[in-house]
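Below, each chain spelled out in residue letters.
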Amino acid sequence: MGIPGSGLAKGLAVTLRTMTRKSHTAQYPDAQPELPPRTRGVIGLFEENCTVCMLCARECPDWCIYIDSHKETVPPAAPGGRERSRNVLDRFAIDFALCMYCGICIEVCPFDALFWSPEFEYAEEDIRDLTHERDKLREWMWTVPAPPALDPRAEEPKEIGAARKTADKLAAAEAAAAAESERTSDASDGPNGPDGPNERNGTDGNGAAT
Ligand code: SF4
Ligand code: SF4
């Protein structure tokens, strides 16, 4: 059996110890929490990357991703080619009242269209308002932190190499077009051109008046 009053003394000792410690309670929302930059707050959608493959909706354990789309026919890329059809996104919504933030949808998306955003202030008074549509998901996309820098010793990703080649080709084509248009305008400004010497003298280049 313990000494009478020892429990009370222990309790008071704990009280005295914690009284002198710095408080961890934050007066949210007046004081904003300092969260790690890669906090998993909510899911952002980069819809330009979404091909409507439906993988995220199929893999979501809570079935809380809603996607609608329609098919569109795209003309052939080259003459004589075949027309292609592609899916066009009509609706992309996530019901955050059901979502359990497992991140499976983000992991399985093969086209990097879903990302964790550190945004967390999206409480609603009505649970039905927790189904957020593509506009809101896109808005959250802009709060997603930039990806970590690549290892400088790593091999260049082949996508970057391919993008650089395409950019170089486009720049070369633009430079050739600019040179061609300059040559054409020089030719039209020749001796008989509107600004050429013969035109200014009022002759046709053979001495005859024009
Ligand atoms: S985080 Fe998990 S539960 Fe939430 S939408 Fe993605 S897959 Fe579904
Ligand atoms: S898995 Fe990615 S690309 Fe496919 S529908 Fe979902 S968000 Fe779009």
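Everything numeric in this text was worked out from a predicted model, so none of it was measured.

(A) Local environment of the environment of Glu107. Looking at where Glu107 falls in the secondary structure, it is placed in helix α3 (residues 104-108). Considered as a pair, Glu107 and Cys56 are 51 residues apart in the sequence and their alpha carbons are 8.6 Å apart.

(B) How the structure looks around the sheet that holds strand β5 (residues 131-132). Taken together, 3 strands build an open sheet; the order of strands is β2-β3-β5 and the sheet is antiparallel. The strands lining the two open edges of the sheet, one partner per strand, are β2 (65-74) and β5. Summarising the sheet, β2 and strand β3 (residues 84-95) pair through 10 bridges and their orientation is antiparallel. In the strand pairing of β3, Ile65 is matched with Ile94. Strands β3 and β5 of the sheet are contacted by helix α4 (residues 134-141), whose axis makes an angle of about 85° with β3.

(C) Structural detail: the site of ligand 2. Taken together, 14 residues form the shell around ligand 2, and within it Cys50, Cys53, Met54, Cys56 and Cys109 come nearest. Counted by class, the shell around ligand 2 contains 13 nonpolar, 1 polar and no charged residues.

(D) Focus on the side chain of Glu47. With respect to the element layout, Glu47 can be found in the loop between β1 (42-45) and α2 (55-59). A residue is classified by how much of its surface remains accessible, and Glu47, at 18% relative accessible area, is buried. Within the structure, Glu47 has its side chain in polar contact with the side chain of Arg134 (distance 2.8 Å). Non-local contacts of Glu47, meaning those with residues more than four positions away in its chain, are made with Leu89, Arg134 and Arg138.

The rules behind each value
Residues numbered from 1 in each chain as written. Chains lettered and ligands numbered in written order. Predicted model: local features only at pLDDT ≥ 70, side-chain atom pairs only at ≥ 80, totals over all residues. Heavy atoms only, no water. Helix = DSSP H or I, 4+ residues; strand = E, 2+ residues; numbered from the N terminus. Pairing = 2+ DSSP bridges. Contact = heavy atoms within 4.5 Å. Axes fitted to C-alpha atoms, helices over the stretch in contact; angles between N-to-C directions. Near = heavy atom within 4 Å. Nonpolar A, V, L, I, M, F, W, Y, C, P; charged D, E, K, R; others polar. Buried < 20%, exposed > 50% of the residue type's maximum accessible area, 1.4 Å probe, protein only. Polar contact = N/O pair within 3.5 Å; in protein donor to acceptor, adjacent residues only side chain to side chain.

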